[in-house]
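What follows is the residue order along each chain.
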Amino acid sequence: EVMARGSELARLTPLIDEGSPLPKVVQRLEPELQGRLIAMTVRDHYVDIFTTQGRGAVLMRFADAMAEVAPEQGGQIHRSHWVAWWAVKAVERSPGKLWVRLCPELRLPVSRTYRDRLEARAFAPVRIASASGAGISAARTGAAQSSPPV
């Protein structure tokens, strides 16, 4: 299950202008959950919205939620997932699957359809060791924040 606590999400937030407007989709959340947009996941008829203040759910179509993310830059990575590019910390590869890591407890799958979007963001592959000692392919995202929107 995709879970992350608000305090862990807040540590990910780069300094942003206090006067920056929140995306309309974030403004639909309860005031205590309104923060910088990290990701959205569709579940039945609800969209789970992850912000730096926590997670909330809104009853709406996923396409409508994605249309309300401006001024945040990001992209759809799966039919059920959208991520803000600033929040992507790594791209992990496991046998036959690609994952986006947003924080230690927030990892979302990337479908083949949307893999080109990650490649366009200039993710550089690196090797990291797993707990078992076997190598895992991943990507660092240092250039993701400065890249133009996709």
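The structure under discussion appears in the preceding block.
All values derive from a computational prediction rather than experimental measurement.

Novice: What am I meant to see in the packing of aromatic side chains here?
Specialist: Any pair of aromatic rings gets described here by the distance separating the centres and the angle formed by the planes. Counted under the stated rule, the structure contains zero aromatic pairs. Positioned above the aromatic ring of Trp 99, the side-chain terminus of Arg 107 is 4.1 Å from the ring centre.

Novice: When you look at the pattern of salt bridges in this model, what are you seeing that I'm missing?
Specialist: Working definition: two side chains of opposite charge can pair if their charged atoms are close together. Across all of its chains, the model carries six salt bridges by this definition. The salt bridge involving Arg 36 is made with Glu 72; its shortest N-O contact spans 2.9 Å. Placement of Arg 36 in the loop between α2 (24-27) and β1 (37-43) and of Glu 72 in the loop between α3 (62-66) and β4 (74-78) is noted, with a sequence separation of 36 residues between them. Just as Arg 36 is buried, Glu 72 falls in that class too. For Arg 107, the salt bridge goes to Glu 92, with nearest N and O atoms at 3.2 Å. One end of the pair, Arg 107, is in strand β8 (residues 106-110); the other, Glu 92, is in strand β6 (residues 90-94), and 15 residues separate them in sequence. Residue classification places Glu 92 among the buried residues on the basis of a relative accessible area of 13%. The network of salt bridges with common partners includes Glu 92, Arg 101 and Arg 107.

Novice: How do you make sense of the environment of Asp 64 when you look at a structure like this?
Specialist: Counting through the fold element by element, Asp 64 comes out in helix α3. Classification of Asp 64 as partly exposed rests on a relative accessible area of 31%. Put simply, Asp 64 and Val 47 are 17 residues apart on the chain and 9.9 Å apart in space, counted from C-alpha to C-alpha.

Novice: What is the right way to read the pairing of strand β3 (residues 54-59) from this model?
Specialist: Along a regular strand, successive side chains alternate from one face of the sheet to the other. Along β3, the buried face is formed by Gly 54, Gly 56 and Val 58; none of Arg 55, Ala 57 and Leu 59, which line the opposite face, is buried. In this sheet, β3 lies alongside strand β2 (residues 46-51) in antiparallel orientation, the contact comprising six bridges. Note on β3: the bridge partner recorded for Thr 51 is Gly 54. The antiparallel hairpin formed by β2 and β3 contains two residues in its connecting segment.

The rules behind the values
- Residues numbered from 1 in each chain as written.
- Predicted model: local features only at pLDDT ≥ 70, side-chain atom pairs only at ≥ 80, totals over all residues.
- Heavy atoms only, no water.
- Phe/Tyr/Trp six-rings, centres within 6.5 Å; stacked < 30°, edge-to-face > 60°.
- Lys NZ or Arg CZ within 6 Å of the ring centre and 35° of its normal.
- Salt bridge = Lys/Arg side-chain N within 4 Å of Asp/Glu carboxyl O.
- Helix = DSSP H or I, 4+ residues; strand = E, 2+ residues; numbered from the N terminus.
- Buried < 20%, exposed > 50% of the residue type's maximum accessible area, 1.4 Å probe, protein only.
- Pairing = 2+ DSSP bridges.

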